[in-house]
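Examination of the molecular architecture
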Amino acid sequence: MDTIYVNQIHLIERGIEKNKEFLVSLYNNEELKEVSRWFDKLDCSISISRKLDRDMTLDEFIKGIDSESSFTLQLASPDPFYIKYCASYRDDSKNVNRFAWAICPYNDNNFEILSGLYQESFGCRLQDEPIQEGLMEYYKGRMRLGY
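I will try to describe carefully the structure that is included in this document. Treat the numbers as computed from the prediction; the structure is a model and nothing was measured.

The rules we used
- Residues numbered from 1 in each chain as written.
- Predicted model: local features only at pLDDT ≥ 70, side-chain atom pairs only at ≥ 80, totals over all residues.
- Heavy atoms only, no water.
- Pairing = 2+ DSSP bridges.
- Helix = DSSP H or I, 4+ residues; strand = E, 2+ residues; numbered from the N terminus.
- Contact = heavy atoms within 4.5 Å.
- Axes fitted to C-alpha atoms, helices over the stretch in contact; angles between N-to-C directions.
- Buried < 20%, exposed > 50% of the residue type's maximum accessible area, 1.4 Å probe, protein only.
- Arc of directions from axis to C-beta.
- Phe/Tyr/Trp six-rings, centres within 6.5 Å; stacked < 30°, edge-to-face > 60°.
- Lys NZ or Arg CZ within 6 Å of the ring centre and 35° of its normal.

Moving on, we come to the sheet that holds strand 3 (residues 51-52). Here we have six strands laid out as an open sheet, ordered 1-4-5-6-2-3, and antiparallel in their pairing. Either end of the sheet is taken by a strand with one partner, and the two such strands are strand 1 (7-10) and strand 3. Bridge count for strand 2 (residues 36-42) against strand 3 is two bridges, and the pairing is antiparallel. Directly across from Lys-41, in strand 3, lies its bridge partner Lys-51. Docked against the sheet, helix 3 (residues 108-122) engages strand 1, strand 4 (70-75), strand 5 (82-91) and strand 6 (96-105), running at close to 145° with respect to strand 4.

Below, the structure is given as structure tokens:
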């Protein structure tokens, strides 16, 4: 890769429906290479660590999303070699936090596909999103250390 786009984007400002659309398109995409997708949950009445949620489905997860949900897209940050996406919400009826994950290597193919999904869902170019101050310096520092 010639150019790395490093960013961490909190997507809740884009609206619930657009985030649902992005999550569905990301989860259903078959062109991403070496992608891992899963659901897990945090039930503090049982454990302080998240546990794989084998019973969760994408449709069921989408139903739980509300204005308090969180959506984060990480591109080469904090891990310089991966694209990471996490959506989460609190299931108050069961006192459980639920998470949906999609993680894949940061490479040209995966970045191009993700950029297209982003454009379709949010109506703007991923590369035009503002980058947090210091993020590129952090990335370069990690690379210099051989991360």
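Next comes the rest of the write-up.
Turning to helix 4 (residues 135-144), its buried residues are Leu-135, Tyr-139, Gly-141 and Arg-142. Projection of helix 4 onto a plane perpendicular to its axis shows the buried side chains occupying an angular sector of 165°, all on one side. Turned more than 90 degrees away from the buried face of helix 4 sit Glu-137 and Arg-144, all of them exposed. Note on helix 4: the residue one or two positions beyond its end, Gly-146, has a positive phi of about 85°.

With that settled, consider the packing of aromatic side chains. Taken as a whole, this structure holds eleven aromatic pairs when the rule is applied. Pairing Phe-22 with Tyr-118 gives two aromatic rings, centres 5.9 Å apart and planes at 80°, and the pair type is edge-to-face. Here Phe-22, found in helix 1 (residues 16-28), pairs with Tyr-118, found in helix 3; they are 96 residues apart in sequence, far enough to count as distant. A centroid spacing of 5.9 Å and a plane angle of 15° characterise the contact between Trp-38 and Trp-101, whose relative ring orientation is stacked. With a gap of 63 residues between them, Trp-38 in strand 2 and Trp-101 in strand 6 connect regions that are remote in the sequence. The partly exposed category is assigned to Trp-38, whose relative accessible area is 28%. For Trp-101, a relative accessible area of 15% translates into the label buried. An aromatic cluster is built from Phe-22, Tyr-85, Tyr-118 and Phe-122, whose rings are joined through pairwise contacts. Positioned over the ring face of Phe-99 is Arg-50, at 4.9 Å from the centre of the ring.

Interpretation in functional terms is not warranted from these geometric data alone.
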